[in-house]
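These are the residues of each chain, in order.
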Amino acid sequence: MNILITGGAGFIGSHVIRRFLKRYSNYTIFNLDALTYAGNLENLKDIEESKNYKFLKGDIVDAGFINKIFEQYEFDGVIHLAAESHVDRSIEDPLAFVRTNVIGTVNLLNAFKDISSNDRSSKSRFYHVSTDEVYGSLGETGLFTEETSYDPNSPYSASKASSDHFVRSYGETYGLPYVITNCSNNYGPNHFPEKLIPLFIHNIIENKPLPVYGDGKYTRDWLFVEDHAVAIDLVFHEGKNHETYNIGGFNEWQNIELVKLLCKQMDRKLGRAKGTSEKLISYVKDRPGHDLRYAIDAGKINRELGWKPSVTFEEGLERTIDWYLNNAQWLKNVTSGAYQEYYNKMYS
Ligand code: NAD
Ligand code: TYD
């Protein structure tokens, strides 16, 4: 089986690739990634020599390139993660999100529909990895279910909602076998330090301010990235075609409470006096269109496929902090830009 994973050099994709290579020696895993600022092949250093792994550098917006690789490798299944993924960047440059998240996804759908292997085994499907942000914002109570109407508020979530709709429409119109998952906020090793948790770990190490948006009372549901990779594996193999599944951590935190916990753990790990890191908290101008609260009802994937998160937040956060402290060079290469020079030259 030739399996195409897009965005494999990114945060979640690298964990998915590692898991698939460990578990499925009968698959050849193709990692298609444009190596944007968020792509870093250092995330996959430990597996890059695997004989059933192949890296393809390319842009999903380039339909000619996409059609060519589908003709060449006749992928049996696609797990699509490549995306522009940061809300703040989407506010600065919405079109970049339209290009990759919408046009790129439609290019992949077209290629899968027209060119993929005709031998459609049960695993031959297009799996779109999406976000709970498509549902918009919750008030103080309630949970997103698979039946919640889409109501995206940021250019990022609008582009992901659009790509979800295209995937579903290809199922209805062309009979394309697909599954979609909508997952809550991930955290863990290899997370690019622009998102809340890795940015704040980095800033605490460097004694830099921790910019909390608005009053800090925004709530997110956090899931350890390896638990997400387990869910993706399960849904790819056992999910029902034409279904969507919500994935979440049953783990809601107000930003300010999370940041205070992180500060405490970092003080302990760095041997700093209690309260040192909290002094770095700085309330800054709010994000425009900031969604108040996300919270997932992950009951369907639990009932139907038996998935639930296995890592508690305290354990996951500790593992994440340890990873960043033990991988200072990774962080240094990312913040200096050295990672891009190295890999972009290698694959230019
Ligand atoms: P990321 O930003 O860390 O990685 C994205 C990867 O896609 C990078 O390797 C990048 O080089 C690649 N890429 C970007 N544009 C490309 C293009 N035009 N062609 C080819 N490759 C391109 O993202 P992530 O956090 O790992 O998220 C992966 C997927 O999961 C995304 O689709 C995102 O919407 C979804 N998701 C993320 C979260 C989260 O908390 N991070 C939660 C739910 C869903
Ligand atoms: P983020 O990690 O960007 O994920 P998302 O916007 O997809 O949920 O942000 C998580 C929360 O943290 C969100 O409410 C915005 C907030 N936040 C800050 O307060 N300061 C920051 O510097 C960042 C990056 C995020």
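Here is a short report on the structure shown in this document. By convention here, each chain's residues receive numbers from 1 onward along its written sequence. Written order determines the labels here, with chains lettered from A and ligands numbered from 1. In keeping with the model being predicted, local features are shown solely for residues with a pLDDT of at least 70 and side-chain atom pairs are shown and tallied solely at 80 or more, while totals for entire chains, interfaces and linings include all residues. Computation of side-chain values: all heavy atoms of the structure, hydrogens and water removed.

### Remarks on the overall build of the protein
(1) Moving on: The way it works is that DSSP assigns letters per residue, a run of H or I at least four long becomes a helix, a run of E at least two long becomes a strand, and they are numbered from the N terminus. Assigned secondary structure in the protein consists of 12 helices and 12 strands.
(2) Moving on: Whereas a compact globule of 348 residues would reach a radius of gyration of roughly 20 Å, the protein reaches 20 Å, a difference of no more than 12%.
(3) Moving on: A burial count over the protein gives 57% of its 348 residues as buried.
(4) Moving on: Long-range contacts, defined as pairs at least 24 residues apart, comprise 82% of the intrachain contacts of the protein with a sequence gap of at least 6.
(5) Moving on: The protein chains shown are the only cover counted for residues, whose accessible areas, like all others here, come from Shrake-Rupley with a 1.4 Å probe. If you sum the accessible surface of the protein, you get close to 14600 Å²; carbon and sulfur atoms cover 48% of it.
(6) Moving on: Charge convention: Lys and Arg are scored as positive, Asp and Glu as negative, and His as well as the terminal groups of each chain are ignored. Where a charge lies is defined by one atom per residue type, namely NZ (Lys), CZ (Arg), CG (Asp) and CD (Glu). Positive and negative side-chain charges in the protein, numbering 38 and 46 respectively, have mean positions lying 4 Å apart. To get the radius of gyration, use the C-alpha atoms; to get the globule rule, take the number of residues to the power 0.38 and multiply by 2.2 Å. Partly exposed residues are those whose accessible area sits between 20% and 50% of the maximum for their type, while under 20% is buried and over 50% is exposed, using a 1.4 Å probe and protein chains only. We call two residues in contact when some of their heavy atoms are within 4.5 Å.

### So, the packing of helix α8 (residues 255-270) against helix α10 (residues 313-326)
Each packed pair of helices is defined by two parameters, the angle between the axes and the distance between the axes.
(1) Moving on: At a minimum axis separation of 11 Å, α8 and α10 run at an interaxial angle of 50°. Compared by their axis directions, α8 and α10 come out oblique. Of the two possible hands of crossing, α8 and α10 adopt the one that is right-handed. Contacts from Leu258, Leu261, Leu262, Gln265, Met266, Arg268, Lys269 and Leu270 in α8 reach Phe313, Glu314, Leu317, Glu318, Ile321, Asp322 and Leu325 in α10.
(2) Moving on: Ten residue types, Ala, Val, Leu, Ile, Met, Phe, Trp, Tyr, Cys and Pro, are classed as nonpolar, four, Asp, Glu, Lys and Arg, as charged, and the remainder, Gly among them, as polar. Classifying every residue of the contact of α8 with α10 by side-chain character gives 9 nonpolar, 1 polar and 5 charged. Here the axes come from fitting lines to C-alpha atoms, over the contacting stretch only for helices, and the angles between their N-to-C directions go from 0 to 180 degrees. Each angle receives one of four descriptions, namely roughly parallel if under 35 degrees, roughly antiparallel if over 145, roughly perpendicular if within 65 to 115, and oblique otherwise. It is the rotation of the near helix from the far one that decides the hand of a crossing: anticlockwise by less than a right angle makes it left-handed, clockwise makes it right-handed.

### A closer look at the packing of aromatic side chains
A ring pair, where both rings are aromatic, is described by two values, the distance of the centres and the angle of the planes.
(1) Moving on: Here a Phe, Tyr or Trp ring, Trp counted by its six-membered ring, pairs with any other such ring whose centre lies within 6.5 Å, and the pair is stacked when the planes are under 30 degrees apart, edge-to-face when over 60, and tilted otherwise. Inspection of the entire model under this criterion finds 23 aromatic pairs.
(2) Moving on: Relative to Tyr73, the ring of Phe30 lies with its centre 4.5 Å away and its plane at 45°, an arrangement referred to as tilted. Taken together, the positions of Phe30 in strand β2 (residues 28-33) and Tyr73 in helix α2 (residues 63-73) put the pair 43 residues apart, joining distant regions of the chain.
(3) Moving on: Ring-pair connections join several aromatic residues into one group, and the members of that group are Tyr187, Trp222, Phe224, Trp253 and Phe313.
(4) Moving on: The ring of Tyr245 carries the charged tip of Lys300 above its face, separated from the ring centre by 4.7 Å. Two limits define a charge over a ring: the Lys NZ or Arg CZ must be within 6 Å of the ring centre, and within 35 degrees of the ring normal.

### Looking at the pattern of salt bridges
(1) Moving on: We define a salt bridge as a contact between a side-chain nitrogen of Lys or Arg and a carboxyl oxygen of Asp or Glu at a distance within 4 Å. Counted under the stated rule, the structure contains 12 salt bridges.
(2) Moving on: With a closest N to O distance of 2.9 Å, Arg19 and Asp233 form a salt bridge. Note that Arg19 is positioned in helix α1 (residues 11-23) and Asp233 in helix α7 (residues 225-238), a separation of 214 residues in sequence.
(3) Moving on: Residue classification places Arg19 among the partly exposed residues on the basis of a relative accessible area of 22%.
(4) Moving on: A relative accessible area of 2% means that Asp233 is categorised as buried.
(5) Moving on: Salt bridges sharing common partners tie together Arg19, Arg23 and Asp233.

### Considerations on the side chain of His191
(1) Moving on: Turning to its location among the elements, His191 is positioned in the loop between β7 (185-187) and α6 (196-205).
(2) Moving on: Note on His191: relative accessible area 5%, which makes it buried.
(3) Moving on: Once residues lying within four places of it in the same chain are set aside, the contact partners of His191 are Phe11, Asn186, Pro198, Tyr324 and Trp330.

### Observations regarding the nonpolar core
(1) Moving on: What makes a nonpolar core is a set of buried Ala, Val, Leu, Ile, Met, Phe, Trp, Tyr and Cys residues whose side-chain atoms join them at distances within 4.5 Å. In terms of nonpolar packing, the biggest core is built from 47 residues, with Ile79, Tyr127 and Ile301 touching the most fellow members.
(2) Moving on: Elements with a minimum of two residues in this core: β1 (2-6), α1, β3 (53-57), β5 (126-131), β6 (178-183), α7, β10 (243-247) and α9 (299-305).
(3) Moving on: Ranked by residues supplied to this core, first place goes to α7 with 7 residues.
(4) Moving on: Here Ile301 is in contact with Ala231, Val235, Tyr245, Asn246, Ile247, Gly306 and Trp307, once residues within four sequence places are set aside.
(5) Moving on: One finds Ile204, Leu210, Trp323 and Val334 within the second-largest nonpolar core, a separate group that totals 31 residues.

### A few points about the side chain of Asn251
(1) Moving on: Structurally, Asn251 can be placed in the loop between β10 and β11 (252-254).
(2) Moving on: Residue classification places Asn251 among the buried residues on the basis of a relative accessible area of 12%.
(3) Moving on: Under this definition, polar contacts are N or O atom pairs within 3.5 Å; protein pairs additionally need one hydrogen-donor-capable and one acceptor-capable atom, and for neighbouring residues in sequence, both atoms have to be side-chain atoms. Side-chain polar atoms of Asn251 contact the side chain of Trp253, separated by 2.8 Å.
(4) Moving on: Those residues in contact with Asn251, other than ones at most four positions away along the chain, are Arg220, Asp221, Trp222 and Phe313.

### So, the site of ligand 2
(1) Moving on: The rule for a residue being near a molecule or strand is that one of its heavy atoms must lie within 4 Å of it. Around ligand 2 lies a shell of 18 residues, among which Glu133, Pro211, Arg220, Arg287 and His290 are the nearest.
(2) Moving on: Contact with the protein chains removes 96% of the 510 Å² of surface that ligand 2 exposes when unbound.
(3) Moving on: Where the shell around ligand 2 is concerned, the elements lending two or more residues are α6 and β8 (210-213).
(4) Moving on: Taken together, the residues that form the shell around ligand 2 break down as 9 nonpolar, 4 polar and 5 charged.

### Thoughts on the site of ligand 1
(1) Moving on: Around ligand 1 sit 28 residues in total, of which Ile12, Asp33, Ser85, Tyr156 and Lys160 are the nearest.
(2) Moving on: Contact between ligand 1 and Asp33: an oxygen atom at 2.5 Å from a side-chain N or O atom of the residue.
(3) Moving on: Here a nitrogen atom of ligand 1 and a backbone polar atom of Ala34 are 3.1 Å apart.
(4) Moving on: Contact with the protein chains hides 97% of the accessible area of ligand 1, taken as 830 Å² for the molecule alone.
(5) Moving on: Contributing elements (two or more residues each) for the shell around ligand 1: α1, β5, α5 (155-174) and β7.
(6) Moving on: For the shell around ligand 1, the class distribution of residues is 13 nonpolar, 12 polar and 3 charged.

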